[in-house]
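Examining the three-dimensional arrangement
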Amino acid sequence: MLIRSFLTEKWRTLIIPIAAFAVLSTVLFFPREQPDQLSEEHGQPLFEPIESMETTVQNKELEAPIELVAEAVSVAILVDVKGAVKHPGLYSMQDGDRLLDAVDKAGGYTEAADTRLLNHAQRLQDESVIYVPIAGEEPPVYEQPASSSSMDSSTAKVNINTANESDFQTLPGIGPAKAMAIVQYREEHGPFSQLDGIKSVSGIGDKTFEKLEPLIILN
C-alpha cells in the first residue's frame, strides 16, 4: 500500500507539469498557424498590408489630375471653312494643323475652286475663317484673330516687315489674296522702308492705306 501511494503521488507530480506545458504550447503556437493556413487555402492574405493600401489611395488621387492634363493637351481650335469646298461649315481642328487639313476635313475643293492664292501651309488659328474663292471671284474680307507673334506689344500694331499672311488678314480691307501679295512683294523687293511703301503692292491704293496707316508699323 505504501508503494502504491508513493507511485500515485509521483505520477501526479509529473502529469501536472506535462499538462500545463501542453496547454501553454497550444495557446502560444496554434493562433499563429491558423492565419497562415487560411491564407494558403484562399490564396491571399487576410489583411492587406498598410503600405499597399496607402499606394492604392495615392493612385486614385492621381487619376483625376492626369485626366485633366490629357484633356487640356488635346484642346481643339475651331475654324470656319467657306466658299468652294464640298462641305462648308465650322470644323474642330488641332493646334498645329494647316489650311490644307481644314480643306480636307471640309470634303476638299469643288471643281470651280481657285486655289492659286491660297497658302496651303498656313498654320490655323482659333476663330479664323478660310475662304476658298471661285475662279474670277474677289474673295470677301473677314476679320481674322490677331496673332501676337508679329505685333508690337505696346501699340498692338502689325509690323509690315515681319508679319505673315494671317497677321495681315487682321487688318481692314486685307483678305487672303492681298495678304499673300504683300508677303510676296516683300520677299521680292526686301523690307519696306516707309509705311506708304505698302501702296506699291497691287490692290492697295490710297483709300486702303488710309485705313491701314494707324494700324501698321515698320519695326
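Here's a quick rundown of the structure. (Residues numbered from 1 in each chain as written. Predicted model: local features only at pLDDT ≥ 70, side-chain atom pairs only at ≥ 80, totals over all residues. Heavy atoms only, no water.)

1. Examining the packing of aromatic side chains
Each aromatic ring pair is described using two quantities: the centre-to-centre distance and the angle formed by the ring planes. Under the convention used in this document: Aromatic pairing here means that ring centres of Phe, Tyr or Trp (its six-membered ring) are within 6.5 Å. Orientation follows from the plane angle: under 30 degrees is stacked, over 60 is edge-to-face, and everything else is tilted. Both a distance and an angle decide whether a charge sits over a ring: NZ of Lys or CZ of Arg must be within 6 Å of the ring centre and within 35 degrees of the ring normal.
Under the counting rule described, the total for this entry stands at one aromatic pair. An angle of 10° between the planes, with centres 5.8 Å apart, marks the rings of Y185 and F192 as stacked. Above the plane of the ring of F209 lies K199, whose end atom (NZ or CZ) is 5.5 Å from the centre.

2. Quick look at unusual backbone geometry
Rule in force here: A run of H or I in DSSP becomes a helix once it reaches four residues, and a run of E becomes a strand once it reaches two; helices and strands are each numbered from the N terminus.
Positive phi, normally seen in glycine, also occurs at E127, with a value near 75°. With respect to the secondary-structure elements, E127 resides in the loop between α3 (99-105) and β3 (128-132).

3. Section: the environment of G108
As a reminder, the rule being used: Throughout this description, buried means an accessible area under 20% of the type-specific maximum (1.4 Å probe, protein chains only), exposed means over 50%, and partly exposed covers the range between.
By the element assignment, G108 lies in the loop between α3 and β3. Looking at G108, the relative accessible area reads 13%, which means it is buried. When the C-alpha positions of G108 and A84 are compared, they lie 8.7 Å apart, and in sequence the two are 24 residues distant.

4. Remarks on the pattern of salt bridges
Side-chain pairing between opposite charges can occur once the charged atoms of the two side chains come close. The condition is simple: Just to be clear on terms, a salt bridge is a Lys or Arg side-chain nitrogen sitting within 4 Å of an Asp or Glu carboxyl oxygen.
Counting across every chain of the model gives three salt bridges. We note a salt bridge from R116 to D114, for which the minimum N-O separation is 3.0 Å.

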